[in-house]
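Secondary and tertiary structure notes
Chain by chain, the residues run as shown.
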Amino acid sequence: MLTASHYHNHTHGTPADRISLSYESRFLRRRVLTTDGGLEFLLDLEQTTSLDHGGAIKLEDGREIEVVAAPEPLLEITGDNLVRLAWHIGNRHTPCQVEATRLLIQPDHVIRDMLGKLGAMVTERVEPFTPEGGAYGHGRTHSHAH
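Residues numbered from 1 in each chain as written. Predicted model: local features only at pLDDT ≥ 70, side-chain atom pairs only at ≥ 80, totals over all residues. Heavy atoms only, no water.

1. Structural notes on unusual backbone geometry
Under the convention used in this document: For every residue, the accessible area obtained with a 1.4 Å probe (protein chains only) is divided by the maximum for its type, and the residue is called buried under 20%, exposed over 50%, and partly exposed between those limits.
One non-glycine residue, histidine 93, lies in positive phi territory at about 55 degrees. Judged by its relative accessible area of 37%, histidine 93 is partly exposed.

Written as structure tokens, this is what we have:
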């Protein structure tokens with residue numbers, strides 16, 4: 001079985017294949033993965049790593065596999081005061097994709113209820129999830145459930 005032990009946050013040229021993974025599935029260290037084209041390989045990184053959309057896994061033979069954020073169930077949050085809503089989401093350490101006119105989070109009935117009480121419009125969506133990184137622009141934000 002092919003092995004990959006290197007990851008880069010961008011591709012170098014045209015990738016050989018791609019692998020579509022959910023947000024949770026993009027946080028790993030060692031696992032057998034299958035690309036969208038059917039290639040199976042062992043990912044064996046030195047440490048647990050957050051694989052970002054657009055990143056590249058380098059196989060032992062030099063080929064690169066592009067990491068793609070897969071569509072997944074999400075909650076879209078809109079409202080008159082998006083900054084206030086974002087503050088409440090962040091205060092609960094919930095991963096959040098911040099855009100100019102909306103916020104996206106993973107489904108959570110407690111946070112959905114809270115946002116409704118704050119006047120937000122919450123709509124279910126299925127699309128790729130690429131939330132903001134940690135406080136310094138990289139890494140992951142974890143909920144209190146970890």
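2. What to know about the side chain of arginine 102
For clarity, the threshold we go by: Comment: elements are numbered from the N terminus, with helices defined as DSSP H or I runs of at least four residues and strands as E runs of at least two. In protein, a polar contact requires one atom able to donate a hydrogen and another able to accept it; more generally it is a pair of N or O atoms within 3.5 Å, and residues adjacent in sequence count only if both atoms are side-chain atoms.
Take arginine 102: it is sitting in the loop between β8 (97–98) and β9 (103–105). With a relative accessible area of 14%, arginine 102 lands in the buried category. Engagement of the side chain of arginine 102 in a polar contact is seen with the side chain of glutamate 99, the distance being 2.6 Å. Among the polar contacts made by the side chain of arginine 102, one reaches the side chain of glutamate 127 at a distance of 2.6 Å.

3. Overview of the sheet that holds strand β6 (residues 64–69)
Sheet strands pair by backbone hydrogen bonding; their relative direction is either parallel or antiparallel. Basically, it comes down to this: Pairing between strands is defined by DSSP: at least two bridges between the two strands are required. In this analysis, axes come from line fits to C-alpha atoms, helices being fitted only over the stretch in contact, and the angle between any two N-to-C directions falls in the range 0 to 180 degrees.
The 6 strands are arranged β2-β6-β5-β1-β4-β3 in an open sheet whose pairing can be described as mixed. Either end of the sheet is taken by a strand with one partner, and the two such strands are β2 (17–21) and β3 (27–34). Direction aside, the axes of adjacent strands within the sheet are offset by 30 degrees on average. Pairing analysis gives 4 bridges linking strand β1 (residues 2–8) to strand β5 (residues 56–59), with the strands arranged antiparallel. Bridge pairing in β5 places histidine 6 opposite lysine 58.

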